[in-house]
Protein chains: 2
Amino acid sequence: MSTPSQPTTLRSSLHDRGQRLTPQRQRVLALFERIGEGRHLSAEEVHQRLLGAAARVSLATVYRTLRLLSSMGLLQELELPEGGRRFELASDAHRDHHHLVCVRCGQTEEFENAAVLAAGETAALDHGFRLLECVLNVRALCPRCVAAECR
Amino acid sequence: MSTPSQPTTLRSSLHDRGQRLTPQRQRVLALFERIGEGRHLSAEEVHQRLLGAAARVSLATVYRTLRLLSSMGLLQELELPEGGRRFELASDAHRDHHHLVCVRCGQTEEFENAAVLAAGETAALDHGFRLLECVLNVRALCPRCVAAECR
DNA sequence: GTCGATGCAAAGGCTTTGCACAGCC
DNA sequence: GGCTGTGCAAAGCCTTTGCATCGAC
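Residues numbered from 1 in each chain as written. Chains lettered and ligands numbered in written order. Predicted model: local features only at pLDDT ≥ 70, side-chain atom pairs only at ≥ 80, totals over all residues. Heavy atoms only, no water.

Attention shifts here to the packing of helix 2 (residues 23-35) of chain A against helix 4 (residues 59-71) of chain A. Residue and element names in this part refer to chain A. Helix 4 packs onto helix 2 with a crossing angle of 70 degrees between their chain directions and a minimal axis gap of 10 Å. By the angle class used here, helix 2 and helix 4 are roughly perpendicular. For the crossing formed where helix 2 meets helix 4, the hand is right-handed. Between helix 2, through Gln24, Arg25, Val28, Leu29 and Phe32, and helix 4, the contact on the second element is made entirely by Thr61, Thr65, Leu66, Leu68 and Leu69. Residue classes in the contact of helix 2 with helix 4 are distributed as 6 nonpolar, 3 polar and 1 charged. (Axes fitted to C-alpha atoms, helices over the stretch in contact; angles between N-to-C directions. Helix = DSSP H or I, 4+ residues; strand = E, 2+ residues; numbered from the N terminus. Parallel < 35°, antiparallel > 145°, perpendicular 65-115°, else oblique. Left-handed = near helix turned anticlockwise from the far one by under 90°. Contact = heavy atoms within 4.5 Å. Nonpolar A, V, L, I, M, F, W, Y, C, P; charged D, E, K, R; others polar.)

Near DNA strand D there are 20 residues, and of these Thr22(A), Thr61(A), Arg64(A), Arg20(B) and Tyr63(B) occur at the shortest range. Each atom of DNA strand D within 4 Å of the protein belongs either to a base or to sugar and phosphate, the latter forming 71%. In this structure, Ser58(A) approaches DNA strand D through a side-chain N or O atom, which is 3.0 Å from a phosphate oxygen. Arg64(A) is positioned with one of its side-chain polar atoms (N or O) 2.7 Å from a base nitrogen of DNA strand D. Those elements giving two or more residues to the surface near DNA strand D turn out to be helix 2 and helix 4 of chain A together with helix 4 (59-71) of chain B. Looking at the surface near DNA strand D, its residues break down into 6 nonpolar, 5 polar and 9 charged. (Near = heavy atom within 4 Å. Polar contact = N/O pair within 3.5 Å; in protein donor to acceptor, adjacent residues only side chain to side chain.)

The next thing to look at is the interface of chain B and chain A. With 37 residues of chain B at the contact, the number on the chain A side is 37 residues. Carbon and sulfur atoms make up 66% of the area that chain B and chain A hide from each other, which totals about 3000 Å². Scanning the region where chain B abuts chain A turns up 0 salt bridges. Counting the contacts that link chain B with chain A gives 3 residue pairs in polar contact (both at pLDDT 80 or more). (Buried area = accessible area lost by both parts, 1.4 Å probe. Salt bridge = Lys/Arg side-chain N within 4 Å of Asp/Glu carboxyl O.)

The next point concerns the protein's contact with DNA strand C. With respect to spatial proximity, 20 residues lie near DNA strand C, and among them Arg20(A), Tyr63(A), Thr22(B), Thr61(B) and Arg64(B) are the closest. Restricting attention to atoms of DNA strand C within 4 Å of the protein, one finds that 73% of them are sugar or phosphate atoms. Contributing elements (two or more residues each) for the surface near DNA strand C: helix 4 of chain A together with helix 2 (23-35) and helix 4 of chain B. When residues in the surface near DNA strand C are grouped by element, the largest group, 4 residues, is from helix 4 of chain A. Among the residues making up the surface near DNA strand C, the classes are represented as 6 nonpolar, 5 polar and 9 charged.

A few words on the side chain of Asn113(B). With respect to the element layout, Asn113(B) can be found in the loop between strand 5 (108-111) and helix 5 (114-127). Look at Asn113(B) and you get buried, because its relative accessible area is 18%. A distance of 2.8 Å separates a polar atom in the side chain of Asn113(B) from the backbone nitrogen of Ala115(B). Other than its neighbours up to four places away in sequence, Asn113(B) contacts Ala119(A), Asp96(B) and His98(B). (Buried < 20%, exposed > 50% of the residue type's maximum accessible area, 1.4 Å probe, protein only.)

Here the focus is the relation of the copies chain B and chain A. Expressed as a screw operation, the relation of chain B to chain A combines 0.0 Å of axial shift with a rotation of 180 degrees, fitting to an RMSD of 0.2 Å. One copy is carried onto the other by what is essentially a two-fold rotation axis. Relative to the rotation axis, the C-alpha of Leu136(B) is the closest in chain B, positioned 2.0 Å from it. (Least-squares fit on C-alpha atoms with pLDDT ≥ 70 in both.)

Glancing now at helix 2 of chain A. Residue and element names in this part refer to chain A. Between its terminal C-alpha atoms helix 2 stretches 18 Å, which fits the 18 Å expected from 13 residues at 1.5 Å a residue. All of the buried residues in helix 2 are Val28, Leu29, Leu31, Phe32, Glu33 and Ile35. Where helix 2 ends, the next residue or the one after it, glycine 36, has phi of about 95 degrees, a positive value. (Expected span 1.5 Å × (residues − 1).)

The next thing to look at is the packing of helix 2 of chain B against helix 3 (residues 43-52) of chain B. All names here are of chain B. Where helix 2 contacts helix 3, the two axes come as close as 11 Å, and the packing angle between them is 100 degrees. As the angle between them shows, helix 2 and helix 3 are arranged roughly perpendicular. Between helix 2, through Arg27, Val28, Leu31, Phe32 and Ile35, and helix 3, the contact on the second element is made entirely by Val46, Arg49 and Leu50. When the residues that make up the contact of helix 2 with helix 3 are grouped by side-chain class, the tally is 6 nonpolar, no polar and 2 charged.

The next subject is the environment of Phe32(B). All names here are of chain B. Counting through the fold element by element, phenylalanine 32 comes out in helix 2. By relative accessible area, phenylalanine 32 is classed as buried at 0%. Sequence separation of phenylalanine 32 and valine 46 is 14 residues, and the distance between their C-alpha atoms is 8.8 Å. In this structure phenylalanine 32 touches Leu41, Val46, Leu66, Leu75, Phe87, Glu88 and Leu89, once residues within four positions along its chain are discounted.

Next up, the structure:
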């Protein structure tokens, strides 16, 4: 049961900013809702997946839409160590949402850990910062690549 | 007391790989040793700082050298959420080396926290991964920018 | 003297932007 | 109907690469 499409939320969020609900914006957001939280896509991947659909969305619009949805807080931008910029569905859980990435093959696992969020909060407090988000990137080798390294 | 320049280490590391010790490579590494551990620079910044010096190092060589020194384990590449790729002096401490970044002005603070490393180790273990490095990026607003936001 | 390294400039990705047309409100 | 959004193509970063020359060993 993935989060149902929420045109109402999207529409009102856009309306509050004096912006419009377009099929392209709905399609991009729907794509992320379809793949679920914690799965991330690059701009190019979003473009490719939407090419398969009935109507296409230009790559420029994909970039513009990803930026818009991120600024609205509906998507979350993330920077994986080895790849490029990627985006995923935002959720409260993102304040404490971490990535275990294989630096060799790119396999990525997601995990949560309250202690990490606590550490981030402590650091922010110590320096007088207001915490927005806490992302732990664990660079590692997956079991398959560990085996391959020892070939 | 910053780490003293180590031409011997650099020379032998290079020699082991059939590569040569050049003034450019020494200068790039010396720059990172001069600014100290935990401070990071972009390729462009390295280039700028070396322009001030007596002899210049081309930007292409800066990129080549940063890649080389990273692959040798002398430098550490890192991906800050808002900026681009940056590099800093590698050290064992890097397995547990975290960043508090102001998303508005870019101010960056470094901190360590053993609990974070422990969380990374646990996650890696749970998934059968071999941990290489653990970097926590805390996106936040610095005191000055918090004040500015509330203007 | 040999073979790797450098500098320069051009080529390559990825992302953004300008502009005319399309379409949401 | 007005004004924002889209598509297309061109422009802009940042980074890498090709090639002739330089220089470490």
